[in-house]
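Inside the fold
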Amino acid sequence: TSHTRVTGPEYEAYEQTVRKHWANNNYDWLESEARKLSVTKERLPGGYWKRRILYRSVAGVVNNQSSEVSWQKQITRLENWARQRPTSAMPRIILAEVWRAYAWKARGNGLAKTVKPENWTLFHQRHDKTNKLLADAAALEPKCPEWYVTALLAAGAESPDREEYENLYEHAVALEPHYYYFYQAKANYLLPQWH
């Protein structure tokens, strides 16, 4: 569930640009940037996809060290974006990723037997929000690799039927075979401590 922090001047400059537009509620720029990157498939040095950075720069405004107020503020802002753009998948995908991360914040990264019952309850409630948002975004076009990354990570947390997971994975790879985050998500899914 944790992601390695990518660094480098190009990454940091682009992340700052994205966050500036997010801070100003510049949804037009964010969505047009996503459309552009779906065509150009632009990457930064090291092969990191700009589309991934675009989505993560907004979703990653909050993390495990963030206060509950910060999480709620970020969720509210993303919900407002989604409301204002009923035909856009982007805010729903980012919001699904934020709820997924928020679920893991409640659960923690320890072994399942170390998680308190109340934390499991929060985890499942937040995970349900992730799945609902993914379902909403799935109905919108065009299909987005970031939808599949979040869906694969979410499915991995719920121990779905292996055939169901493989089907989701095959659809992801068919959409964008070089989007290596699909392979990372599946590798995580296959680790002995999970599946």
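Details of the structure are given in the entry above.
As a starting point, this report considers the structure included with it. This structure is a prediction, so every number in the text was calculated from the model and none was measured.

Our focus in this paragraph is the side chain of T150. Structurally, T150 can be placed in helix α7 (residues 145–157). Apart from the residues within four sequence positions on either side, T150 is in contact with I93, A96, E97, R100, T130 and L134.

Looking now at unusual backbone geometry. Following E141, the chain continues into P142 via a peptide bond in cis, with omega recorded as -5°. Tracing the sequence through the fold places P142 in the loop between α6 (117–138) and α7. Of note, N25 is a non-glycine position whose phi angle comes to about 55°, a positive value. Looking at where N25 falls in the secondary structure, it is placed in the loop between α1 (9–23) and α2 (27–40).

Before going further, it helps to examine the packing of helix α5 (residues 90–107) against α6. The geometry of α5 relative to α6 is characterised by a closest axis approach of 8 Å and an angle of 170° between their N-to-C directions. Relative to α6, α5 is oriented roughly antiparallel. Packed against α5, whose contacting residues are R92, I93, L95, A96, W99, R100, Y102, A103, W104, A106 and R107, the element α6 presents N119, W120, L122, F123, R126, H127, K129, T130, L133, L134, D136 and A137 at the interface. Looking at the contact of α5 with α6 residue by residue, the class counts come to 14 nonpolar, three polar and six charged.

Take the packing of α7 against helix α8 (residues 162–175) next. Two elements in contact, α7 and α8, have axes separated by 10 Å at closest approach and are oriented at 160°. As judged from the angle between their axes, α7 and α8 are roughly antiparallel. For α7 against α8, the interelement crossing comes out left-handed. Contact residues: α7 offers P145, W147, Y148, A151, L152, A155 and G156, while α8 offers Y165, L168, Y169, H171, A172 and L175. When the residues that make up the contact of α7 with α8 are grouped by side-chain class, the tally is eleven nonpolar, two polar and no charged.

Procedures and definitions
Residues numbered from 1 in each chain as written. Predicted model: local features only at pLDDT ≥ 70, side-chain atom pairs only at ≥ 80, totals over all residues. Heavy atoms only, no water. Helix = DSSP H or I, 4+ residues; strand = E, 2+ residues; numbered from the N terminus. Contact = heavy atoms within 4.5 Å. Axes fitted to C-alpha atoms, helices over the stretch in contact; angles between N-to-C directions. Parallel < 35°, antiparallel > 145°, perpendicular 65-115°, else oblique. Nonpolar A, V, L, I, M, F, W, Y, C, P; charged D, E, K, R; others polar. Left-handed = near helix turned anticlockwise from the far one by under 90°.

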